[in-house]
Amino acid sequence: MRSDAVERALAEVAACRALREKQQAHRAEFQRKLEAVAKPLYVLKSKAQLELRLQ
């Protein structure tokens, strides 16, 4: 009886660990995609500031 409770507890710990690792992998993938999107699509070759003419 007691070993049954211990086995269930160990199974629950393993399930929680697997869930945590899955969430961590998902966060890492999301972070990688976010960093890829945050990069500019183009880079200005001149360092001069552009002027925006307003009406």
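Now for a look at the structure at hand. (Residues numbered from 1 in each chain as written. Predicted model: local features only at pLDDT ≥ 70, side-chain atom pairs only at ≥ 80, totals over all residues. Heavy atoms only, no water.)

### Comments concerning the overall build of the protein
Here comes step 1: For the protein, the count of helices and strands is one helix and zero strands.
Here comes step 2: Radius of gyration (C-alpha) of the protein: 25 Å, far over the 10 Å computed for a compact globule of 55 residues.
Here comes step 3: With the C-alpha coordinates aligned to their principal axes, the bounding extent of the protein is approximately 80 × 25 × 10 Å.
Here comes step 4: When each of the 55 residues of the protein is scored for burial, the buried share is 0%.
Here comes step 5: By element, 59% of the accessible surface of the protein is carried by carbon and sulfur atoms, the whole surface being about 6,200 Å².
Here comes step 6: The protein carries 12 positive and 7 negative side-chain charges, and their two centres are separated by 9 Å. (Helix = DSSP H or I, 4+ residues; strand = E, 2+ residues; numbered from the N terminus. Rg over C-alpha atoms; globule rule 2.2 N^0.38 Å. Buried < 20%, exposed > 50% of the residue type's maximum accessible area, 1.4 Å probe, protein only. Areas by Shrake-Rupley, 256 points an atom, 1.4 Å probe, with all protein chains shown as cover. Lys, Arg positive; Asp, Glu negative; His and termini not counted. Charge placed at Lys NZ, Arg CZ, Asp CG, Glu CD.)

### Quick notes on the pattern of salt bridges
Here comes step 1: With the rule as written, the count across this model stands at one salt bridge.
Here comes step 2: In this structure, R32 engages E29 in a salt bridge whose closest nitrogen and oxygen atoms are separated by 2.6 Å. Residue R32 and its partner E29 are located together in helix α1 (residues 2-38), separated by three residues, close to a single helical turn. (Salt bridge = Lys/Arg side-chain N within 4 Å of Asp/Glu carboxyl O.)

### Overview of the environment of L52
Here comes step 1: Topologically, L52 is positioned in the segment after α1.
Here comes step 2: Along the chain, L52 and Q31 lie 21 residues apart, while their C-alpha atoms are 33 Å from each other.

### Details of the environment of A11
Here comes step 1: For A11, the location among the structural elements is in helix α1.
Here comes step 2: The class of A11 is partly exposed, set by a relative accessible area of 47%.
Here comes step 3: When the C-alpha positions of A11 and Q23 are compared, they lie 18 Å apart, and in sequence the two are twelve residues distant.

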